[in-house]
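Inside the fold
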Amino acid sequence: MAIHPIDYRYGTSEMRAVWSEENRFRAIVTAEVALARAEAAHGMIPREDAETIAISAHDARLERAKEIEAEINHDMMAIVKAVTEVCGDAGRWIHYGATSNDILDTATALQVRESLMLIEEKLGKLLCVLLARSAETKTLVCAGRTHGQIGVPTTYGLRFAIWASEVSRHIERLRQMRPRVVVGQLTGAVGTQAALGDAGIEIQETMMEFLGIRPVDVSNQLVSRDRYAEYFMLLANIATTLDKIGLELRLMQRSEIGELAEAFGKKQVGSSTMPHKRNPIKSEQVCGLARIVRSAVEPALQNNVLWDERDLTNSSPERALFPEASVLTDHILNVMISVMDGLEFNKANIRKNLMLLRGVNLAESVMIDLTRRGMSRQEAHEAMRTASMQALAEDRDLAEVLGERPEVTAFVTREELNALLDPDAYIGTAVRQVERLIEKLTPLCR
């Protein structure tokens, strides 16, 4: 019976597969095989037995391990016994010289590696669609807003470019942290490798070479959880970027603004009681699930604080944290890619909102020009502030109000004022910034 929504509502099949119980079991068995092969390579166990283990271990079944666990109440030892059963006499070497977390944490590394591959792929796709949107709208002038109030103009292209730049940094962070997080260990009961003898360090290195991951430098009985905390913080950071984008899309889809809209199917229903509704439900889902992903950070940090060489308080939260945060991050990346692919622009409303304040939002443009022509910057600021307040209070064009002020007309003509209050002429280097970013980040696209 499905209980958690990631079982039936959220998540992609590929990411759910990474964190499935079956894949976890396979990763553990793979780690045990690598251990046997490494020990054989260093003459610690017979090579023929290691070969038998490599051939037979994957015949072990999760169902059998569960049966054994029900009897002995130890999940790792249950898997050891299940693998031992299918390896004949060679099974006597299964788990030789290892402690539970040598295998469990190494298996986690294999799963995290798969997870990061999927997330990097989705980040690349999102980056591509953001860059495409940025290119499409690099000259689409719109009202910039600060504190929720209309400010000087910007372009939609610059907005998309800013989000693309942020996504590119997540790709960079992911690649930088991969070697720190995707690590395995073979250090024994309290980290001394006493059960492995003098060749412990070399056996650990060989085991990880077989698995294609890095070994820890030092350890106690488990991989230090600062590494895993970094993984969860990356997921939280990605989720927060998606939250940020989703919130802006939702704000721009408000009825009073109406500049953007999520795609809406011909038979899609917006409300069970208000038939006219067209809600930004995908962006809302992204923003909502981002909260769950971020909630993984605190317990992930706490998991690094354990008694002495170790205790077990990290284990139970990690069983929930890894699949939940990974699946939900992958899911909301997918959702946001879909939203961006289908995003609709209402150019008429974009223009209407840009012109809504009748030139008041271009007060800075006039202030800068007045200063350039000889007025004190502070005097120019005050002149434009009072004129703007008057224009707003009287619901008039700013150009009209300024035309009545001798302190302004002494420096600029009415025709010049009209040019200064043209929003299309006051976007600075926005287009160039977008073009430069597209050129820089296009190689990261997938």
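Rules used in this analysis
- Residues numbered from 1 in each chain as written.
- Predicted model: local features only at pLDDT ≥ 70, side-chain atom pairs only at ≥ 80, totals over all residues.
- Heavy atoms only, no water.
- Helix = DSSP H or I, 4+ residues; strand = E, 2+ residues; numbered from the N terminus.
- Expected span 1.5 Å × (residues − 1).
- Buried < 20%, exposed > 50% of the residue type's maximum accessible area, 1.4 Å probe, protein only.
- Contact = heavy atoms within 4.5 Å.
- Polar contact = N/O pair within 3.5 Å; in protein donor to acceptor, adjacent residues only side chain to side chain.
- UniProt positions renumbered as here; feature names shortened; annotations may be inferred.
- Patch = residues over 30% accessible without salt bridge, like charges linked within 9 Å, V, L, I, M, F, W, Y side chains within 5 Å.
- Areas by Shrake-Rupley, 256 points an atom, 1.4 Å probe, with all protein chains shown as cover.
- Salt bridge = Lys/Arg side-chain N within 4 Å of Asp/Glu carboxyl O.
- Lys, Arg positive; Asp, Glu negative; His and termini not counted.
- Charge placed at Lys NZ, Arg CZ, Asp CG, Glu CD.
- Core = buried A, V, L, I, M, F, W, Y, C linked by side-chain atoms within 4.5 Å.
- Pairing = 2+ DSSP bridges.
- Disulfide = S-S within 2.5 Å.
- Phe/Tyr/Trp six-rings, centres within 6.5 Å; stacked < 30°, edge-to-face > 60°.

Description of helix H10 (residues 281-294)
In an α-helix, one turn spans 3.6 residues; hence positions three or four apart end up facing the same way. Its 14 residues give H10 an end-to-end C-alpha distance of 20 Å, which sits within 8% of 20 Å, the value for a rise of 1.5 Å per residue. For H10, the complete set of buried residues consists of Ser283, Val286, Cys287, Leu289, Ala290 and Val293. The inward-facing, buried residues of H10 contact helix H9 (226-252), helix H11 (297-302) and helix H12 (315-342).

Looking at the side chain of Asn361
By secondary structure assignment, the location of Asn361 is in the loop between helix H13 (347-354) and helix H14 (363-373). Asn361 gets classed as buried once you look at its relative accessible area, which sits at 5%. A polar side-chain atom of Asn361 sits 3.3 Å from the main-chain carbonyl oxygen of Leu354. When near neighbours in sequence (up to four residues on either side) are disregarded, Asn361 contacts Ile150, Gly151, Val152, Pro153 and Leu354.

Looking at the UniProt feature "domain: Adenylosuccinate lyase C-terminal" (unreviewed entry) in the chain
Per the UniProt annotation, the sites labelled "domain: Adenylosuccinate lyase C-terminal" (unreviewed entry) are residues 358-438. Note that residues 358-438 is 68% helix and 0% strand, and that its end C-alpha atoms are spaced 33 Å apart.

Focus on the environment of Ile45
Assignment of secondary structure puts Ile45 in the loop between helix H2 (21-41) and helix H3 (47-56). Beyond its immediate chain neighbours, meaning those up to four positions away, Ile45 contacts Ala36, Glu39, Ala40, Ala50, Trp93 and Tyr96.

Some points on a positive patch on the surface
A cluster of like positive charges, contributed by Arg169, Arg173, Arg432, Arg436 and Lys440, occupies part of the molecular surface. Elements supplying a minimum of two residues to the positive patch: helix H7 (156-181) and helix H19 (430-441). Ranked by residue count, the leading element in the positive patch is H19, at three residues. Within the secondary structure, Arg169 sits in helix H7.

Overview of the pattern of salt bridges
Inspection of the entire model under this criterion finds 31 salt bridges. As a salt-bridge pair, Glu21 and Lys66 come within 2.9 Å of each other at their nearest N and O atoms. Residue Glu21 is found in helix H2, and its partner Lys66 is found in helix H4 (residues 62-72); the two are separated by 45 residues along the sequence. On the basis of relative accessibility, which here comes to 48%, the residue Glu21 falls in the partly exposed class.

Focus on the nonpolar core
If you look at the biggest cluster of nonpolar residues, it comprises 117 residues, and the most contacted ones within it are Leu126, Met207, Tyr231, Phe232 and Met340. With 15 residues, helix H6 (residues 100-136) is the largest single contributor of residues to this core. Setting aside residues no more than four positions away along its own chain, Met207 makes contact with Ala31, Ala34, Leu35, Ala38, Ile103, Thr106 and Leu186. Counting 20 residues, the second largest nonpolar core, distinct from the first, contains Leu370, Met375, Ala391 and Val408.

As for the pairing of strand S2 (residues 149-155)
One ladder, built from five bridges, connects strand S1 (residues 141-146) with S2; its direction is antiparallel. Paired with Thr146 across the bridge in S2 is Gln149. Remark: two residues form the turn of the hairpin made by S1 and S2, two consecutive strands paired antiparallel; His147 in that turn has positive phi of roughly 55°.

Description of the state of the cysteines
What the rule picks out here adds up to zero disulfides. Just so you know, Cys287 is unpaired, no disulfide at all, and the nearest cysteine sulfur is the one on Cys142, 19 Å from it.

Description of the packing of aromatic side chains
For the coordinates displayed, the defined rule picks out 10 aromatic pairs. Between Tyr156 and Phe160, the ring centres sit 6.3 Å apart and the planes meet at 35°, which makes this aromatic pair tilted. Note that Tyr156 and Phe160 are positioned in helix H7 at a spacing of four residues, about one turn of the helix. Among the residues examined, Tyr156 registers a relative accessible area of 2% and is labelled buried. Residue Phe160 is classed as buried on the basis of its relative accessible area of 1%. By way of ring pairs, the aromatic residues Trp19, Tyr228, Tyr231, Phe232 and Phe322 are connected into one cluster.

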